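Secondary and tertiary structure notes
So you can see what is in the structure, the chains are spelled out below.
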Amino acid sequence: MGVMVEVSHLKKTFGSFTAVDDISFSVNKGEVLGFLGPNGAGKSTTMKMITGFLTPDSGTIKVGSDNIADNPVAVKARIGYLPEGAPLYSDMTPITFLHFIAEIRGLRGAEKSRRVAEMIDKVNLGSVVNKPIETLSKGFKRRVGLAQAILHDPEVLILDEPTDGLDPNQKHEVRTLISDMAAEKAIILSTHILEEVNAVCSRAIIIANGRLIADGTPASLEAKSPLHNTVEITIRTAAPDPVNRALEKISSVKSVEKLAAADGCVTFRVYPSGDNSPISDVSHMARDNNWDVENLHVVHGRLDDVFRTITTQQAS
Ligand SMILES: Nc1ncnc2c1ncn2[C@@H]1O[C@H](COP(=O)(O)OP(=O)(O)OP(=O)(O)O)[C@@H](O)[C@H]1O
Ligand SMILES: [Mg+2]
């Protein structure tokens, strides 16, 4: 089956403030969709509506074949949700909390104990299972939340900043865990870490001021960078101007920018005239002219730059 989550024209206001403004998207099985956007963009509010914790003002949400307005219980059974912040029931220990959640999810007996033990192992909670959740560090609280979300092996996972507060090793493990589960589920996660999008997401949407302003693969979003497919070439030369002029004459080159000179080397940024990078033409020219090349590479564009450009344009 294809589409697992379908959100159409979702809107949510708080008083006169519009937090989510006409957002539509869908997620297929096998996809990991990243939600990106500045603080206050509407990411968590959108997630709360998909998981049934908030009711939209208008718009529809379908999970599998169920519409959340008609079958909220069926939808909740299909979803695992890691909310932002710490888990509720903070006076419980992880082990009692997970048994409690397992009961709610309908697990019983040996199956329940097996699943809880499996989750504790998966998110490395072993050392803290008997300590009250409220006394745990931020990262361990996050892991308890994550264990709770995946306990019933849901078809759809909604993870609000799943790696927030985790140490680098644990970040890596949680990303691996998400990637390992991806094929069998539809996963939506929010993050402020753009390398996380590259590492785990097959698609990302950018939300700003409650509106969806970009939707695509990480590579297609990177391609929106003004630096995408430019070439940077560093040459050891005392006479940069003839080099600059020669580069400008290449037909696949639109323009050339002299970036920096240091230690007898000059770096040029070479912009493409078409869709492709001019790297092979630049490289031929360097060889034909016997330039002393220190470095030559294509810039793919960074998601950070795209994110900043898109979200600040939106704000202004
Ligand atoms: N219950 C509420 N009452 C009033 N305003 C709210 C409520 N919940 C959220 N908002 C507002 O809606 C906007 C969107 O909030 P939301 O939590 O969805 O942002 P976010 O994209 O998740 O941000 P962050 O990256 O900081 O987590 C914010 O301006 C927030 O203050
Ligand atoms: Mg949020």
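Residues numbered from 1 in each chain as written. Chains lettered and ligands numbered in written order. Predicted model: local features only at pLDDT ≥ 70, side-chain atom pairs only at ≥ 80, totals over all residues.

A few points about the sheet that holds strand 4 (residues 58-63)
- Spatially, four strands are ordered 2-1-4-5 in an open sheet, and the strand pairing comes out antiparallel. With partners counted over all chains shown, the strands left at the sheet margins are strand 2 (17-28) and strand 5 (66-67), one partner each.
- Here strand 4 runs beside strand 5; their pairing, made up of two bridges, is antiparallel. The partner of V63 across the bridge, within strand 5, is D66.
- Relative to the sheet, helix 1 (residues 43-50) contacts strand 1 (3-14), strand 2 and strand 4, its axis offset from that of strand 1 by approximately 120 degrees. (Pairing = 2+ DSSP bridges. Helix = DSSP H or I, 4+ residues; strand = E, 2+ residues; numbered from the N terminus. Contact = placed C-beta atoms within 7 Å. Axes fitted to C-alpha atoms, helices over the stretch in contact; angles between N-to-C directions.)

Regarding helix 1
- Of all eight residues making up helix 1, eight are buried, and the element is well covered by its neighbours.
- Listed in full, the buried residues belonging to helix 1 are K43, S44, T45, T46, M47, K48, M49 and I50. (Buried ≥ 20, exposed ≤ 12 C-beta atoms within 10 Å, placed from the backbone.)

Some remarks on the pairing of strand 1
- Pairing of strand 1 with strand 2, which is carried by nine bridges, proceeds in the antiparallel orientation. Across the sheet, V7 pairs through a bridge with F25, a residue of strand 2.
- In this antiparallel pair of consecutive strands, strand 1 and strand 2, the connection spans two residues, and G15 shows a positive phi of 60 degrees.
- Bridge count for strand 1 against strand 4 is five bridges, and the pairing is antiparallel.

Here we look at the site of ligand 1
- Looking at ligand 1, the residues that line it are F14, A19, G37, N39, G40, A41, G42, K43, S44, T45 and E84.
- If one sorts the elements of the shell around ligand 1 by residue count, helix 1 sits on top with three residues. (Near = placed C-beta within 6 Å.)

As for the domain arrangement of the chain
- The domain architecture assigned to the chain consists of domain 1 (3-222) and domain 2 (230-299).
- The distance between the C-alpha centroids of domain 1 and domain 2 comes to 46 Å. (Domains from an automatic or database assignment.)

Some thoughts on the environment of R143
- Structurally, R143 is set in helix 5 (residues 138-150).
- Considered as a pair, R143 and E222 are 79 residues apart in the sequence and their alpha carbons are 31 Å apart.
- Aside from chain neighbours lying at most four places away, what touches R143 is V123, N124 and L125.

Some points on the packing of helix 3 (residues 94-104) against helix 4 (residues 109-122)
- Running from N to C, helix 3 and helix 4 point in directions that differ by 130 degrees, and their axes come no closer than 10 Å. Between helix 3 and helix 4, the interaxial angle falls into the category oblique. Here the hand of the crossing between helix 3 and helix 4 comes out right-handed. Mapping the contact onto sequence places L98, H99 and A102 in helix 3 and K112, R115, V116 and M119 in helix 4.
- Residues that form the contact of helix 3 with helix 4 fall into these classes: four nonpolar, one polar and two charged. (Parallel < 35°, antiparallel > 145°, perpendicular 65-115°, else oblique. Left-handed = near helix turned anticlockwise from the far one by under 90°. Nonpolar A, V, L, I, M, F, W, Y, C, P; charged D, E, K, R; others polar.)

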